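Spelled out, the chains give:
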Amino acid sequence: MPLWGRNPITLALIGILPYRRVDRPIFVLGSPRSGTSVFSRIFGAHPELANWSEGHFLFDPRYRNQTNEHRWTEKDVTAFGARRLRSNIDWYCRYISIRQRINAHRFTNKLPRNTLRVPWLLSIFPDAQFIHIIRDGRAVVRSMIRVMESKEKDRTLADFARPPGWQEYFRNDPYEAHARQWAGIEDTVQADLEKVPA
């Protein structure tokens, strides 16, 4: 990831630059702790792909906010937000092509929060393509809880993707909270993907 990817101000400045159309960006979707990182590393090694794994601030300048909603639809698209994202992705593809001496003419990303943002992504990139990774929910929940325990602090659903209705249960028993979180993420993304033309 380029250094600018950690700085929302730099990302905003790059959003002002002229950019080329991004061709069919590929978004890897899936609940946190479902294997998307492993898949993304392998898939993103293809020489025609510019793989920007995570990219928290690329998609969300308010990433660290503990109460904001992660479910975004076409109603949440702003003109500058769309331009900022398109421009940064185009310039990242150019950067990777030069740095790695490849022709990275397509972009791929995995960010679990984007699993809840398919309508938003399609509004910005109408030709976007999606790969949905599903892992057994029981394994996902246990993995989420291990992450929370390793951090030794209370985090809002471990800072993972927060599906609609998360406020109703995030303070419940951790197993129940993360089970409902996983189910909410999967219900949302599967309903969204059913509307995407094959």
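Just above, that's the structure.
Residues numbered from 1 in each chain as written. Predicted model: local features only at pLDDT ≥ 70, side-chain atom pairs only at ≥ 80, totals over all residues. Heavy atoms only, no water.

Further remarks concern the layout of surface pockets. Taken as a whole, the largest pocket spans an internal volume of roughly 370 Å³. Along the walls of the largest pocket sit 20 residues, with Pro-32, Arg-33, Glu-54, Pro-112 and Phe-160 positioned nearest its centre. Elements supplying a minimum of two residues to the lining of the largest pocket: helix H2 (36-43) and helix H6 (137-151). The residue makeup of the lining of the largest pocket, split by class, is 8 nonpolar, 5 polar and 7 charged. Computed from the structure, the second largest pocket encloses a volume of approximately 310 Å³. (1 Å grid on protein atoms, 1.4 Å probe; cavity = no way out; pocket = protein on both sides within 12 Å on 5 of 7 lines; lining within 4 Å. Points joined across faces, edges and corners; volume = space filled by probe spheres on them. Helix = DSSP H or I, 4+ residues; strand = E, 2+ residues; numbered from the N terminus. Nonpolar A, V, L, I, M, F, W, Y, C, P; charged D, E, K, R; others polar.)

It is worth spelling out the side chain of Ser-87 at this point. Mapped onto the fold, Ser-87 is located in helix H4 (residues 79-100). On the basis of relative accessibility, which here comes to 0%, the residue Ser-87 falls in the buried class. A distance of 2.7 Å separates the side chain of Ser-87 from the backbone oxygen of Ile-14, its partner in a polar contact. Once residues lying within four places of it in the same chain are set aside, the contact partners of Ser-87 are Ile-14, Gly-15, Leu-17 and Tyr-19. (Buried < 20%, exposed > 50% of the residue type's maximum accessible area, 1.4 Å probe, protein only. Polar contact = N/O pair within 3.5 Å; in protein donor to acceptor, adjacent residues only side chain to side chain. Contact = heavy atoms within 4.5 Å.)

Moving on, we get to H6. The end-to-end C-alpha distance of H6, which contains 15 residues, comes to 21 Å, matching closely the 21 Å that a straight helix rising 1.5 Å per residue would cover. All of the buried residues in H6 are Gly-137, Val-140, Val-141, Ser-143, Met-144, Ile-145, Val-147 and Met-148. Looking at the packing, one finds that the buried side of H6 touches helix H7 (174-193). (Expected span 1.5 Å × (residues − 1).)

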